[in-house]
Amino acid sequence: MTFHDIRFPTDLSFGASGGPERRTEIVTLGSGFEERNSPWAQSRRRFNAGLGLRRLDDVHETIAFFEARHGRLYGFRWKDHADWKSCAPGGTVSATDQTLGIGDGETTGFQLLKTYASGGESYLRRIAKPVAGSVVAAVDGVARAVTLDAATGEILFDDPPAPGAEVTAGYEFDVPVRFDTDFLDINLAAFEAGSVPDIPVVELRL
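Bear in mind the structure is a predicted one, so any value in this text is a computation, not a measurement.

A. Examining the sheet that holds strand S15 (residues 154-157) more closely. Here we have three strands laid out as an open sheet, ordered S8-S15-S14, and antiparallel in their pairing. On the outer flanks of this sheet lie strand S8 (109-111) and strand S14 (146-149), each paired with one strand and no other. Between one strand and the next, the sheet's axes are offset by a mean angle of 25°, whatever the strand orientation. By the bridge criterion, four bridges tie S14 to S15 in an arrangement that is antiparallel. In the sheet register, Asp149 faces S15, and the bridge partner there is Glu154.

Below, the structure written as structure tokens:
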């Protein structure tokens, strides 16, 4: 898949709207009861970058970024300011934030993961685009050095964690996305009057 390892300007994405999307199919039976099913195992995030534009220079910067990505052709990194760490946005990243797996004495590579839990239920999200330099890891609570593949989100230990040892990590991360349009409809008169352009961005499954 064509992907540019560059982040959309964070000062512009800060004002954007968006979040996770699910797809749920609902069938209402004759009795009034419902049957619900989802064809998606993973959620997908959507954002509107247009809401982050405040000045004409912001529009110019966005057009340059859009052109360099060739519209929908190339993906890029996006910072979701509501969810960009292994912990809460206001917290401090720790090597014990997220459990990645259990050692078996042979495996040295572990995929970065993030667990969302509420009311006894949980959702496990694969983190494919961690921020280089932000990843810290531990085995049974003891910090360990790792090598990061920033393109896939996998960390690699020099020596495999011992059987039964809990492997954990903390990190910052971006969302892999692409523009969801090949046309930027910019109306400068409307923009100056307070209207914002619609610039949809959608998460890529990598």
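B. Fine view of the pairing of strand S5 (residues 44-48). Among the five residues of S5, four are classified as buried, and the element is accordingly described as predominantly covered. The sheet contact formed by strand S2 (residues 17-21) and S5 spans five bridges and is antiparallel. Considered in S5, the bridge of Ser17 is made with Asn48. One ladder, built from three bridges, connects S5 with strand S18 (residues 200-203); its direction is antiparallel. Bridging from a neighbouring strand, Asn48 pairs with Pro200 of S18.

C. Seen up close, the nonpolar core. Ranked by internal contacts, the top residues of the largest apolar core, which has 17 residues, are Phe8, Phe76, Trp78, Phe179 and Val201. Every element with two or more residues in this core is listed here: helix H2 (56-68), strand S6 (75-78) and strand S17 (173-179). Look past the residues within four positions of Phe8 in its chain and what remains in contact with it is Ser13, Ala49, Thr62, Phe65, Phe76, Arg77, Trp78 and Phe179. By size, the runner-up hydrophobic cluster in this structure holds 15 residues, among which are Leu100, Leu112, Ile155 and Tyr171.

D. Summary view of the environment of Pro160. Mapped onto the elements, Pro160 comes out in the loop between S15 and strand S16 (166-170). With relative accessibility at 32%, the residue Pro160 sits in the partly exposed group. Measuring from C-alpha to C-alpha, the distance between Pro160 and Glu203 comes to 33 Å, with 43 residues separating the pair along the chain. Beyond its immediate chain neighbours, meaning those up to four positions away, Pro160 contacts Gly105, Glu106, Thr107 and Thr108.

E. Structural detail: the packing of aromatic side chains. This structure, assessed with the given rule, holds twelve aromatic pairs. Ring centres 6.2 Å apart and planes at 75° place the aromatic pair Phe65 and Phe179 in the edge-to-face group. Here the residue Phe65 occupies a position in helix H2, and Phe179 occupies one in strand S17, the gap between them amounting to 114 residues. In this structure, Phe65 and Phe179 share a single accessibility class: buried. One aromatic cluster is present, built from ring pairs that chain together Phe8, Phe47, Phe65, Phe66, Phe76, Trp78 and Phe179. Here the guanidinium or amino end of Arg69 rests over the ring plane of Phe65, the centre of that ring lying 4.5 Å away. Positioned above the aromatic ring of Trp40 is the side chain of Arg205, whose terminal nitrogen or guanidinium carbon lies 4.9 Å from the ring centre.

F. Layout of the sheet that holds strand S13 (residues 142-144). With respect to topology, four strands assemble into an open sheet ordered S7-S16-S12-S13, the strand pairing being antiparallel. Each of the sheet's edge strands pairs with one partner strand only, and the pair in question is strand S7 (98-102) and S13. When the angles between neighbouring strand axes are averaged without regard to direction, this sheet yields 35°. Inspection of the sheet shows strand S12 (residues 136-139) paired to S13 by three bridges, in the antiparallel sense. Bridged to Ala137 within S13 is Arg144.

G. Just the layout of surface pockets, in detail. The space that makes up the largest pocket amounts to roughly 240 Å³. Every residue lining the largest pocket is counted, 16 residues in all, and those nearest its centre are Arg126, Glu203, Leu204, Arg205 and Leu206. Elements with a minimum of two residues in the lining of the largest pocket: strand S10 (121-126) and S17.

H. Spatial organisation of the environment of Gly50. Counting through the fold element by element, Gly50 comes out in the loop between S5 and H2. Gly50 sits 79 residues away from Lys129 along the chain, and the two C-alpha atoms are 23 Å apart. Excluding anything up to four places from it in sequence, Gly50 contacts Val196, Pro197 and Ile199.

Calculation criteria
- Residues numbered from 1 in each chain as written.
- Predicted model: local features only at pLDDT ≥ 70, side-chain atom pairs only at ≥ 80, totals over all residues.
- Heavy atoms only, no water.
- Pairing = 2+ DSSP bridges.
- Helix = DSSP H or I, 4+ residues; strand = E, 2+ residues; numbered from the N terminus.
- Axes fitted to C-alpha atoms, helices over the stretch in contact; angles between N-to-C directions.
- Buried < 20%, exposed > 50% of the residue type's maximum accessible area, 1.4 Å probe, protein only.
- Core = buried A, V, L, I, M, F, W, Y, C linked by side-chain atoms within 4.5 Å.
- Contact = heavy atoms within 4.5 Å.
- Phe/Tyr/Trp six-rings, centres within 6.5 Å; stacked < 30°, edge-to-face > 60°.
- Lys NZ or Arg CZ within 6 Å of the ring centre and 35° of its normal.
- 1 Å grid on protein atoms, 1.4 Å probe; cavity = no way out; pocket = protein on both sides within 12 Å on 5 of 7 lines; lining within 4 Å.
- Points joined across faces, edges and corners; volume = space filled by probe spheres on them.

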